[in-house]
Amino acid sequence: MIPAAFDYAVPATVEEALKLLRKNPEAKVMAGGQSLLSLMKLRLATPPLIVDLRRIRDLSYIREDGSRVLIGAMTTHAEIERSPIIRRRFPVLAQAAEAIGDLQVRNMGTIGGSLAHADPAADYPAAFLAMEGAVQVQGPRKARTILAEDFFTGLYTTALNSGEIITEIQIPIPPAVTGSAYRKMKHPASGFAVVGAAAVLRVGPDGREQRLRLAFTGAAAHAIRATAVEMALRGKAITEQAIAEAMQHATDGVEMLEDLFADREYRAQLVRVYGKRAVMAALQ
Amino acid sequence: MAVTALFGAKIKRREDPRLITGEAKYLDDLVLPGMVHAAILRSQYAHARITRIDTSRAARVPGVVGVFTGKDFLDVNPLPCAWQVSGAKHNVNTPRVLEVDHVSFTGAGIAVVVAEDRYTAEDALALIDVEYEPLPIAVDAEEATKPGAPQIHENAPSNICMDWSCGDEEATERALRTADVVIRQRLVNQRLIPNPIEPRGAAARYDPGTDEYTLWSTSQAPHVHRLLITAFVLGIPETKMRVISPEVGGAFGSKIYVYPEYPLMCALARRLGRPVKWMETRRENYVATTHGRDHITYVEVGAKRDGTITALKVKTYANLGGTLSTIAPGIPTTLYGRMLSGAYKIPNIFCRVVGVYTNTGMVDAYRGAGRPEATYVVERSVDLVARELKMDPVEIRRKNFVPRDAFPYDPVGILAGLKYDSGDYEKALNKALELIDYGGFRRQQEEARKQGRLMGIGFSSYVEICGVAPSAWIGLGGQGWGAGLWESGNVRMHLTGKVVVTSGSQSHGQGHETTLAQLVAHELGVPIDDVIVQHSDTLGTPFGYGTYGSRSAAVGAVAVYGSTQKIKEKARRLAAHLLEASETDVVFEGGRAYVKGAPEKAKTIQELALAASVAYNLPPGMEPYFDETTYYDPPNCTFPFGTHACIVEVDSETGQAKILRYVAVDDVGRVINPLIVDGQVHGGVAQGIAQALWEGAVYDSNGQLLTGSMMEYAVPKAEFFPWFETDRTVTPSPTNPLGVKGAGETGTIAATAAVVNAVMDALAPLGITHLDMPLTPRKLWQAIHGRKEGAR
Ligand SMILES: Cc1cc2nc3c(=O)[nH]c(=O)nc-3n(C[C@H](O)[C@H](O)[C@H](O)COP(=O)(O)OP(=O)(O)OC[C@H]3O[C@@H](n4cnc5c(N)ncnc54)[C@H](O)[C@@H]3O)c2cc1C
């Protein structure tokens with residue numbers, strides 16, 4: 001609860017921030033501070049320098065550029081939850097934002113921070129995978145794009161290199177999305193997802209031709225796409241029965257997390273149930 | 001008249017504006033000139049010998065003022081255990097301000113760093129080198145008593161602190177042998193963490209000129225803290241210390257006790273010559289502040305085929321933790337075993353309680369303190385019998401209730417001489433049934449069951465014990481509590497007509513400043529805004545025992561009431577003198593004294609206060625000033641009761657139990673402020689439901705607290721609950737002149753059993769009769785699907 005000493009910098013531009021990071025390899029950027037500060041207060045993180053991104057203008061926006069929705073990394077959960085663009089295009093993301101913590105956390109926490117932190121129980125990562133998004137990253141020398149499917153690499157670890165800053169989250173607007181939804185069991189203590197399921201569904205006019213993207217958070221060391229379920233449902237009429245059957249494959253090959261609240265077997269059950277519920281909700 | 005409406009009026013709490021706007025001053029807001037800050041090193045091991053502590057690196061950190069270990073305080077006594085229950089030998093082990101060479105739980109303090117600021121103190125803490133010799137660990141209270149279990153304290157064979165019993169063992173055995181049915185069940189009442197929003201803390205200042213200490217502590221009982229810290233721990237005159245509780249942000253019992261840090265701060269302040277403050281972090285709070293409950297109970301209940309309960313035999317292992325907290329032994333004995341008759345006429349009762357040391361945090365009173373555990377045993381037992389006999393849970397309650405005309409009722413002697421004061425248990429039950437529409441629900445349930453849905457209803461008809469005070473009963477001549485438990489109340493009326501009330505009780509959220517002012521304004525007939533209430537400072541308040549056990553109304557307010565009566569009487573006599581009337585002809589009513597039949601020629605209480613203060617015209621022998629103190633020691637405890645009813649639905653896919661409706665009908669006697677009573681009920685019900693469904697402190701086999709933060713330990717949030725439907729019946733207590741019983745704990749006492757009974761009712765079609773709390777989704781899902789634990 002009492003952090004170690006640290007220096008604090010408030011750069012005005014991304015370039016300035018990158019320069020500070022280059023000079024101080026141990027430094028940490030801070031977005032909303034909603035994960036980082038807890039770690040520091042417990043002295044689980046003791047960065048010598050905090051580079052606060054909050055004064056950098058132009059990192060907080062939500063806009064469409066034709067084929068994509070672009071979200072600035074510093075956009076808060078509350079802004080995402082309320083955005084008409086997100087609510088119309090990607091209810092799954094608005095619902096994930098809405099499901100995060102409490103109002104104070106949503107007013108401070110950012111999408112860039114949440115993705116970078118890669119908490120195995122965070123809500124966004126499932127939606128991010130199901131929407132097949134990407135992050136735009138600015139490094140000391142070059143910028144690059146990392147696809148959602150390549151982004152999460154382990155427990156609290158991502159494909160970000162040290163010294164890189166996420167500047168933008170990019171989500172392709174699919175031609176015809178029928179529906180999308182996020183469903184989660186909240187841990188009664190932390191409020192994080194015991195299991196969260198994000199579904200993005202496109203169904204053709206005959207009800208058969210469909211394309212499902214389904215992803216889970218809370219199940220494994222990092223958020224995962226349930227490709228086995230997606231495959232199992234391919235070309236089938238989406239009925240509750242069919243979904244339930246397909247969900248039997250949801251944990252195929254997954255190294256399930258286990259904790260006091262949910263052992264592997266029970267967590268696998270939650271994956272099946274919440275997966276089904278998310279797809280059913282996306283169908284509505 | 002407005003004044004007569006004050007008793008019983010829904011007045012908004014006067015303390016709330018400053019609490020809500022952040023103007024209130026808590027311990028952490030306290031800044032003293034020259035103050036330094038302490039941080040405490042706590043044992044990482046649950047059971048170990050400390051072979052060496054090297055503080056030299058820590059001491060060299062710039063800004064560190066001093067680093068100390070237990071060896072530096074060998075002249076300070078171990079903390080006292082103030083309640084050794086009569087009838088049982090106690091093997092006492094209490095904490096020292098810092099442990100010297102042996103630790104018995106993670107979180108026990110072993111060293112302290114004092115520095116110019118808390119950050120530096122924490123930095124230095126990490127540089128203290130400790131060598132431990134780990135010892136084998138006992139966590140479970142029942143296991144700890146078995147042969148071969150690790151031995152924690154030399155003076156406590158089999159880790160038993162005390163082995164206590166009440167009731168008639170032989171008669172109960174006999175009744176069980178002849179009962180038509182006997183139900184046997186093991187019940188676990190899991191360990192809880194109290195979680196006040198404000199953790200604990202203390203700041204101490206020592207004045208070398210006067211040799212006096214001032215201690216600010218987050219305390220529910222400042223006078224008791226002073227008494228114990230001076231006379232027992234530091235060995236100095238009680239008069240050399242002043243204890244102040246600043247605003248206290250909740251406690252739930254956990255701030256009754258004297259903890260090691262409080263005398264430690266006093267000793268440090270003296271040694272360093274500077275004021276020292278320590279404020280607990282939440283992580284420390286989880287390991288170093290007391291926990292509650294933690295019982296393993298074996299219950300045997302005998303009944304006739306018609307549902308008449310004939311015998312109740314209970315054996316409980318009460319986990320007391322690694323060392324004893326201030327009143328730990330009294331909770332699972334006097335406040336638990338003696339309440340095991342519940343709301344029922346049970347002709348044979350026997351209870352044995354084994355208090356056990358384990359390598360876990362200390363356990364002491366937590367909101368309800370013994371009565372939630374007793375209610376849980378009784379209310380689960382009643383339901384289990386009903387299930388066995390295929391009886392309606394409501395009918396079995398009705399059948400066994402202590403009837404209305406049986407009061408005062410002696411529950412076959414187990415209350416050691418006390419009697420339930422008054423009650424109408426059926427009335428409260430009927431009201432609850434009506435509110436929840438019992439018949440309607442049973443029809444709805446039948447429909448739901450046809451669709452495979454798991455809906456259930458549960459009841460808890462409780463009786464509890466409040467106003468715990470009769471000193472002859474509770475004290476050294478009775479239950480062994482190390483003092484009396486009367487309460488004090490002083491009322492002064494100044495020359496200006498303003499009234500100051502001081503109380504030995506202490507508010508840490510209960511709203512004393514409103515309730516006591518309401519009572520005094522009502523009695524004296526003055527505007528409520530003319531009354532202020534002071535408490536929580538040993539300087540300026542008469543000795544009092546503080547607030548816990550729902551005693552502030554039933555004992556504390558009655559003391560204040562007594563003082564208002566004395567002032568009224570004095571005012572009446574003074575008025576007679578001024579009106580040149582005979583004392584017997586003058587009455588006092590609504591703030592005015594007048595000759596019977598001539599109310600227009602009255603003296604107001606303000607005029608009389610002025611006359612008493614300027615004092616040039618007093619009746620012969622009358623002392624100036626309105627200033628009266630009362631020490632109230634009631635003849636009996638009070639026994640609130642009621643019925644809570646709860647409807648749940650369990651999601652068979654996820655195992656989640658959802659509370660659909662919650663009805664609480666409480667009878668707390670007469671109600672001074674319904675708003676405050678409702679608030680108390682709401683909070684208590686939330687905590688009680690939380691125990692049933694979510695909360696639970698879990699230690700692993702190494703004695704490490706797995707639920708070490710709010711990320712793992714489920715403190716409930718408002719969104720978890722439906723709107724609580726509260727109602728009341730009013731059966732005045734004959735024990736005190738106000739007719740009040742106490743309302744601070746009914747929620748935690750009743751709710752837990754109501755919820756568990758409801759969930760078991762929901763799972764009845766699956767043949768599930770009992771599962772231990774907390775009824776987490778995983779546990780329910782496993783039971784529903786016949787997996788592992790709980791499947792039966
Ligand atoms: C009480 C509470 C409840 C919560 N409940 C939930 C919940 O239910 N679900 C949930 O998903 N989350 C929850 N959170 C976490 C919350 O969503 C955080 O906001 C989020 O995880 C981190 O975002 P942030 O902006 O606060 O990042 P910070 O805490 O500032 O940073 C987190 C990490 O990301 C790095 N980082 C931040 N921004 C960038 C960037 N642009 N580029 C590269 N690295 C960056 C930081 O260096 C740090 O390592 C909760 C938090 C709290 C305090």
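All values reported here derive from a predicted model rather than from experimental measurement.

## Brief notes about a positive patch on the surface
Residues and elements named next belong to chain A. On the surface, Lys19, Arg22, Lys23, Arg141 and Lys142 cluster together into a patch of positive charge. Inspection of the secondary structure assignment puts Lys19 in helix α1 (residues 14-23). In this structure Lys19 comes out as partly exposed when scored by relative accessible area, which is 48%.

## Details of the environment of B:Glu649
All names here are of chain B. With respect to the helices and strands, Glu649 occurs in strand β24 (residues 641-650). Residues Glu649 and Leu660 lie 11 residues apart in sequence; the distance between their C-alpha atoms is 6.9 Å. Reaching out from Glu649, the side chain makes a polar contact with the side chain of Arg453 at a distance of 2.9 Å.

## A few points about the sheet that holds strand β20 (residues 586-589) of chain B
Residues and elements named next belong to chain B. Ordered in space as β20-β21-β22, the 3 strands form an open sheet in which the pairing is antiparallel. Each end of this open sheet is capped by a strand with a single partner; those strands are β20 and β22 (603-604). Pairing analysis gives 4 bridges linking β20 to strand β21 (residues 592-595), with the strands arranged antiparallel. Counterpart to Val587 in the pairing with β21 is Tyr594.

## Quick look at the domain arrangement of chain B
All names here are of chain B. Split into domains, chain B comes out as domain 1 (16-22 + 486-632), domain 2 (31-135 + 196-251 + 255-288) and domain 3 (292-403 + 418-469 + 636-784). Distance from the C-alpha centre of domain 1 to the C-alpha centre of domain 3: 39 Å. Each partner contributes residues to the interface: domain 1 has 18 residues there, and domain 3 has 20 residues. With both sides pooled, the region where domain 1 packs onto domain 3 buries about 1300 Å², and carbon together with sulfur makes up 64% of that total. Inspection of the domain 1/domain 3 interface yields 5 residue pairs in polar contact (both at pLDDT 80 or more). If you list the elements that add at least two residues to the side of domain 1 that touches domain 3, you get α14 (512-524) and α15 (552-578). For the side of domain 1 that touches domain 3, the element with the highest residue contribution is α15, accounting for 6 residues.

## Brief notes about the environment of A:Thr13
Residue and element names in this part refer to chain A. By the secondary structure assignment, Thr13 is in the loop between β1 (7-9) and α1. For the pair Thr13 and Arg54, spaced 41 residues apart in sequence, the C-alpha to C-alpha distance is 10.0 Å. Side-chain polar atoms of Thr13 contact the backbone nitrogen of Glu16, separated by 3.0 Å.

## A closer look at the sheet that holds strand β8 (residues 181-192) of chain B
Residues and elements named next belong to chain B. The 5 strands lie next to each other as β7-β15-β14-β13-β8, forming an open sheet whose pairing is mixed. At either end of the open sheet lies a strand with only one pairing partner, and these are β7 (160-167) and β8. Shown here is a sheet whose adjacent strand axes are inclined to one another by a mean of 10°, direction ignored. As paired elements, strand β14 (residues 309-321) and strand β15 (residues 349-357) share 9 bridges and run parallel to each other. For Asn319, the partnering residue across the bridge sits in β15 and is Val356.

## Describing the packing of helix α6 (residues 222-234) of chain B against helix α7 (residues 261-272) of chain B
Residue and element names in this part refer to chain B. With their axes 10 Å apart at the nearest point, α6 and α7 run at an angle of 65° to one another. Here α6 lies roughly perpendicular to α7, going by the angle between them. α6 and α7 meet at a crossing whose hand is right-handed. Within the contact between the two elements, α6 uses His225, Ile229, Val233 and Leu234 and α7 uses Tyr262, Pro263 and Cys266. A per-class count over the contact of α6 with α7 returns 6 nonpolar, 1 polar and no charged.

## Some details on the site of the ligand
Residue and element names in this part refer to chain A. Surveying the vicinity of the ligand reveals 31 residues, the closest of which are Val29, Gly33, Gln34, Thr110 and Asp123. Taking Gly32, its main chain carries an N or O atom lying 2.8 Å from an oxygen atom of the ligand. Interatomic distance of 3.3 Å between a side-chain N/O atom of Lys184 and an oxygen atom of the ligand. Out of a free accessible area of 960 Å², the ligand has 90% covered by protein chains. Taken together, the elements giving at least two residues each to the shell around the ligand come down to β2 (28-30), α7 (111-117) and β10 (165-172). Top contributing element to the shell around the ligand by residue count: α7, with 4 residues. Residue composition of the shell around the ligand, by class: 15 nonpolar, 12 polar and 4 charged.

## Digging into the environment of B:Pro246
Residue and element names in this part refer to chain B. Take Pro246: it is sitting in the loop between β11 (241-244) and α7. Using a relative accessible area of 18% as the deciding quantity, one classes Pro246 as buried. Between the alpha carbons of Pro246 and His90 there is a distance of 34 Å; along the sequence they are 156 residues apart. With residues near it in sequence (within four places) discarded, Pro246 still touches Lys25, Tyr26, Leu27, Trp216, Ser217 and Gln506.

## Side note on the layout of surface pockets
Residues and elements named next belong to chain B. If you add up the space inside the second largest pocket, you get close to 290 Å³. Lining the second largest pocket are 18 residues; nearest its centre among them are Arg387, Met391, Pro393, Arg442 and Asp761. Listing elements by their share of the lining of the second largest pocket, those giving two or more residues are α9 (371-389), α12 (438-450) and α18 (746-762). In terms of residue count, α9 provides more of the lining of the second largest pocket than any other element does, 5 residues in total.

## Examining unusual backbone geometry
Residues and elements named next belong to chain B. Look at the link from Phe407 to Pro408: it is a cis peptide, with omega at -5°. For Pro408, the position within the fold is in the loop between α10 (393-400) and α11 (425-436). The amide bond that connects Met773 to the next residue, Pro774, takes the cis arrangement and shows omega of -10°. Position of Pro774 among the secondary structure elements: in the loop between α18 and α19 (777-784). With phi around 75°, Ser536 is a residue other than glycine that occupies positive phi space. Structurally, Ser536 is set in the loop between β19 (531-534) and α15. Positive phi, normally seen in glycine, also occurs at Ala615, with a value near 60°.

## A closer look at the pattern of salt bridges
When the charged atoms of two side chains with opposite charge come close together, those side chains can pair. Enumeration over the complete set of coordinates arrives at 69 salt bridges over all chains. Between A:Glu132 and A:Arg213 there is a salt bridge, and its shortest N-O distance comes to 3.2 Å. Pair noted here: A:Glu132 is in the loop between α8 (124-130) and β6 (134-138) and A:Arg213 is in strand β13 (residues 210-217), with a separation of 81 residues, a long-range link. The exposure class of A:Arg213 is buried, given its relative accessible area of 13%. In this structure, B:Glu426 engages B:Arg398 in a salt bridge whose closest nitrogen and oxygen atoms are separated by 3.0 Å. Pair noted here: B:Glu426 is in helix α11 and B:Arg398 is in helix α10, with a separation of 28 residues, a long-range link. Overall, B:Glu426 belongs to the partly exposed group, its relative accessible area being 32%.

What counts as what
Residues numbered from 1 in each chain as written. Chains lettered and ligands numbered in written order. Predicted model: local features only at pLDDT ≥ 70, side-chain atom pairs only at ≥ 80, totals over all residues. Heavy atoms only, no water. Patch = residues over 30% accessible without salt bridge, like charges linked within 9 Å, V, L, I, M, F, W, Y side chains within 5 Å. Areas by Shrake-Rupley, 256 points an atom, 1.4 Å probe, with all protein chains shown as cover. Salt bridge = Lys/Arg side-chain N within 4 Å of Asp/Glu carboxyl O. Lys, Arg positive; Asp, Glu negative; His and termini not counted. Charge placed at Lys NZ, Arg CZ, Asp CG, Glu CD. Helix = DSSP H or I, 4+ residues; strand = E, 2+ residues; numbered from the N terminus. Buried < 20%, exposed > 50% of the residue type's maximum accessible area, 1.4 Å probe, protein only. Polar contact = N/O pair within 3.5 Å; in protein donor to acceptor, adjacent residues only side chain to side chain. Pairing = 2+ DSSP bridges. Domains from an automatic or database assignment. Contact = heavy atoms within 4.5 Å. Buried area = accessible area lost by both parts, 1.4 Å probe. Axes fitted to C-alpha atoms, helices over the stretch in contact; angles between N-to-C directions. Parallel < 35°, antiparallel > 145°, perpendicular 65-115°, else oblique. Left-handed = near helix turned anticlockwise from the far one by under 90°. Nonpolar A, V, L, I, M, F, W, Y, C, P; charged D, E, K, R; others polar. Near = heavy atom within 4 Å. 1 Å grid on protein atoms, 1.4 Å probe; cavity = no way out; pocket = protein on both sides within 12 Å on 5 of 7 lines; lining within 4 Å. Points joined across faces, edges and corners; volume = space filled by probe spheres on them.

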